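The lines below spell out each chain.
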Amino acid sequence: MVIDACHEERADQRPRLPVRRAFTLGVAGLLTAAGVLTLAGTASAASTLGGAAAAKGRYFGAAVAANHLGEGQYAATLDTEFNAVTPENEMKWESVESSRNSFNFGAADQIVSHAQGKSMKIRGHTLVWHSQLPGWVGGLGATDLRSAMNNHITKVMQHYQGKIYAWDVVNEAFQDGGSGARRSSPFQDKLGDGFIEEAFRTARAADPNAKLCYNDYNTDGQNAKSNAVYAMVKDFKARGVPIDCVGFQSHFNSQSPVPGDYQQNLQRFADLGVDVQITELDIEGSGSAQADSYRRVTQACLAVSRCTGITVWGIPDKYSWRASGTPLLFDDNYGKKPAYDAVLAALGGSGGGDGGGGRSCTVSYAETQRWGDRFNGQVTVRAGSSAISGWTVTVTLRSAQTVSATWNGSPSWDSSGKVMTMKPNGNGNLGAGASTSFGFTVMANGDWSAPTIGSCTAS
């Protein structure tokens, strides 16, 4: 979990015949090789992040600090835009049990009460973590430490029983780097690998109805760390250890961008039989680049049926733990940034970046030609009920694929080389209901799956 200070950073031969497969996507449509999820924005679409997410059967939450709830604009933005909360620091061990077996839930209760009053989901964060841990814990011997850990889990969960939707039971227990090893901590060093399983079993007994999650960072793509977490979850599921969800913190910046296999990584965890949640999302940057990264994360969650929700780690930039990187959806004055507009549009909502004019667009995809080593794709962009002056569409390739040519658009690429953002090349102005198209040639390199076509954002 994040603390207020610095966080750790982290070819088959094919017949030479034209083939045409057409799919239609809405404002937040997502194309996959298996089919299409149509999430078209309409005049009645939700106009807030929480409302739009709820229409998709998901939550959209924010990390909340109790000491900001008295600020009118902070509380108003929280109440209007979000339908879930995570206490930023108020439920961490040093906050609730600074002295052994002496609990103080005041600040956390304030957040829980506020959220319950607005019918918001509440994520509990976090029970067992090496950081923000009072000094007395690290000084215990193994027997006392085991007793203290289980007592802490039980007392905190029972205090909030029936109020917390999901708990981050264990947080950040694996090392960064290529080892896939466990992180050194009082729990790991004195109790061994079994402490995670014990924590989850204790948590299930304390509140049988709460979702139990493992949460970590730098696990957003497939790498040594995420593979180690994957192996643990797979083992837990095979042996009946209670685990219901895996949280992906998803702290991104230019040095650590959204991985090209982000959606695929979420899906492989979901395929183990657990929910996946994006638990601490923030993306440093500004403007269209930041907006596109937020859009891609949102689309990835929508594309994975067991991705139950997204939480951004704060509300306005000024209160972010990474404030200098302006990583959130609202600026210092609570103004909605382009990233906000992109997320709302991806969720199928309306009223974000359309300037109140109802500007929208939809996209459809067709494979128009195939050869022995490549195929042509065409994306048709159609304006909604109002004229538009510009559009933006993302195209995400499969891991083996590359684009060798494009036409009728101006492409840019992310650092992975797998996500193409296409903007107009003289064909941005479209009357109501009018359409244009752009195309590209994909070198299949053995993978003939359709690329993923993201939502269309109108301007």
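Residues numbered from 1 in each chain as written. Predicted model: local features only at pLDDT ≥ 70, side-chain atom pairs only at ≥ 80, totals over all residues. Heavy atoms only, no water.

Engineer: Mind laying out the pattern of salt bridges, listing which residues take part and the relevant values?
Structural biologist: Within the structure shown, the criterion is met by 22 salt bridges. Residue E197 pairs with R239 through a salt bridge whose shortest N-O separation is 2.7 Å. One end of the pair, E197, is in helix α8 (residues 194–206); the other, R239, is in helix α9 (residues 224–239), with 42 residues separating them in the sequence. Note that E367 is salt-bridged to R370, the shortest N-O span being 2.8 Å. Assessed through its relative accessible area of 7%, R370 is described here as buried. (Salt bridge = Lys/Arg side-chain N within 4 Å of Asp/Glu carboxyl O. Helix = DSSP H or I, 4+ residues; strand = E, 2+ residues; numbered from the N terminus. Buried < 20%, exposed > 50% of the residue type's maximum accessible area, 1.4 Å probe, protein only.)

Engineer: Kindly report on the packing of helix α10 (residues 262–270) against helix α11 (residues 287–303), identifying the contributing residues and their values.
Structural biologist: Across the interface, α10 lies against α11 with an axial gap of 9 Å and an inter-helix angle of 30°. As far as their axial angle goes, α11 and α10 are roughly parallel. Judged by the sense of rotation from one axis to the other, the crossing of α10 with α11 is right-handed. Here Y262, Q263, L266 and Q267 of α10 lie close against α11, whose contacting residues are V297, A300 and A303. The residue makeup of the contact of α10 with α11, split by class, is 5 nonpolar, 2 polar and no charged. (Axes fitted to C-alpha atoms, helices over the stretch in contact; angles between N-to-C directions. Parallel < 35°, antiparallel > 145°, perpendicular 65-115°, else oblique. Left-handed = near helix turned anticlockwise from the far one by under 90°. Contact = heavy atoms within 4.5 Å. Nonpolar A, V, L, I, M, F, W, Y, C, P; charged D, E, K, R; others polar.)

Engineer: Summarise the packing of aromatic side chains; cite the residues concerned and give the values.
Structural biologist: Within this structure, the stated rule accounts for 19 aromatic pairs. Ring plane angle 25° and centroid distance 5.8 Å describe the contact between F187 and F195, whose orientation is recorded as stacked. F195 carries the same exposure label as F187, and that label is buried. When the ring of Y230 is compared with that of F269, the centres are 5.4 Å apart and the planes differ by 85°; the resulting orientation is edge-to-face. Taken as a pair, Y230 in helix α9 and F269 in helix α10 lie far apart in primary sequence, 39 residues in all. Judged by relative accessible area, which is 21%, Y230 ranks as partly exposed. On the basis of relative accessibility, which here comes to 0%, the residue F269 falls in the buried class. An aromatic cluster is defined as three or more aromatic residues linked by ring pairs; in this entry it consists of F60, F82, F330 and Y340. (Phe/Tyr/Trp six-rings, centres within 6.5 Å; stacked < 30°, edge-to-face > 60°.)

Engineer: Would you mind going over the packing of α11 against helix α12 (residues 338–346) in detail, with residue names and values included?
Structural biologist: Contact geometry for α11 and α12: axes closest at 8 Å, N-to-C directions at 25°. The pairing of α11 with α12 is recorded here as roughly parallel in orientation. α12 is crossed by α11, and the crossing has right-handed handedness. Contact residues: G287, Q290, A291, Y294, R295, T298, Q299 and L302 in α11; P338, A339, A342, V343 and A346 in α12. Within the contact of α11 with α12, the residues separate by chemical class into 8 nonpolar, 4 polar and 1 charged.

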